[in-house]
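# Geometric and topological summary
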Amino acid sequence: MIDIALKPVVLNRLCDVLTSHDLLRSTQNVSITEQVIVFLQIVDQNQRFRFISGIYYRFVETIHHYFRIVLKTVLKLYKHLIKDLEDTVPAEIMNN
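Below or above, wherever it landed, is the structure these notes cover. Nothing here was measured: the structure is a model prediction, and the numbers come from that model.

Scoring rules and cut-offs
Residues numbered from 1 in each chain as written. Predicted model: local features only at pLDDT ≥ 70, side-chain atom pairs only at ≥ 80, totals over all residues. Heavy atoms only, no water. Helix = DSSP H or I, 4+ residues; strand = E, 2+ residues; numbered from the N terminus. Buried < 20%, exposed > 50% of the residue type's maximum accessible area, 1.4 Å probe, protein only. Contact = heavy atoms within 4.5 Å. Areas by Shrake-Rupley, 256 points an atom, 1.4 Å probe, with all protein chains shown as cover. Patch = residues over 30% accessible without salt bridge, like charges linked within 9 Å, V, L, I, M, F, W, Y side chains within 5 Å. Salt bridge = Lys/Arg side-chain N within 4 Å of Asp/Glu carboxyl O.

## Overview of the overall build of the protein
Scanning the protein from terminus to terminus reveals 7 helices and 0 strands. Secondary structure elements of the protein occur, N-terminal to C-terminal, as α-α-α-α-α-α-α. For the protein, the proportion of its 96 residues judged to be buried stands at 28%. Taking the contacts inside the protein whose residues are at least 6 apart along the sequence as the reference set, 56% of them involve residues at least 24 apart. Surface summary for the protein: the accessible area is close to 7,200 Å², and the carbon and sulfur share equals 55%.

## Focus: the environment of Cys15
Within the secondary structure, Cys15 sits in helix H1 (residues 8-20). Considering only alpha carbons, one finds Cys15 and Arg25, 10 residues apart in sequence, at a separation of 9.5 Å. Not counting residues up to four positions away in its chain, the partners in contact with Cys15 are Ile32, Thr33 and Val36.

## Things to note about a nonpolar patch on the surface
On the surface, Tyr78, Leu81 and Ile82 cluster together into a nonpolar patch covering about 370 Å² of accessible area. Relative to the assigned elements, Ile82 resides in the loop between helix H5 (78-81) and helix H6 (85-88).

See the structure below:
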């Protein structure tokens, strides 16, 4: 397995957030942690699907499938992490 530049505590926390918001689930063959690690390796280290598939002994199509799933879930996190300006900026400042 390739070492990603992410502490295990942070990786576990990210997996917990994705799970607690019901955004990502383990499958029979691929755990949430493995899905997230594969995603991060592709995004962070610009690894190719074929290279990652060789490391995890999975088909390229499988790597691509789980990459897309994790990408969609990460994009959904904005609802939980970013608040509307209306909620954080006082009305007198917003209307001035």
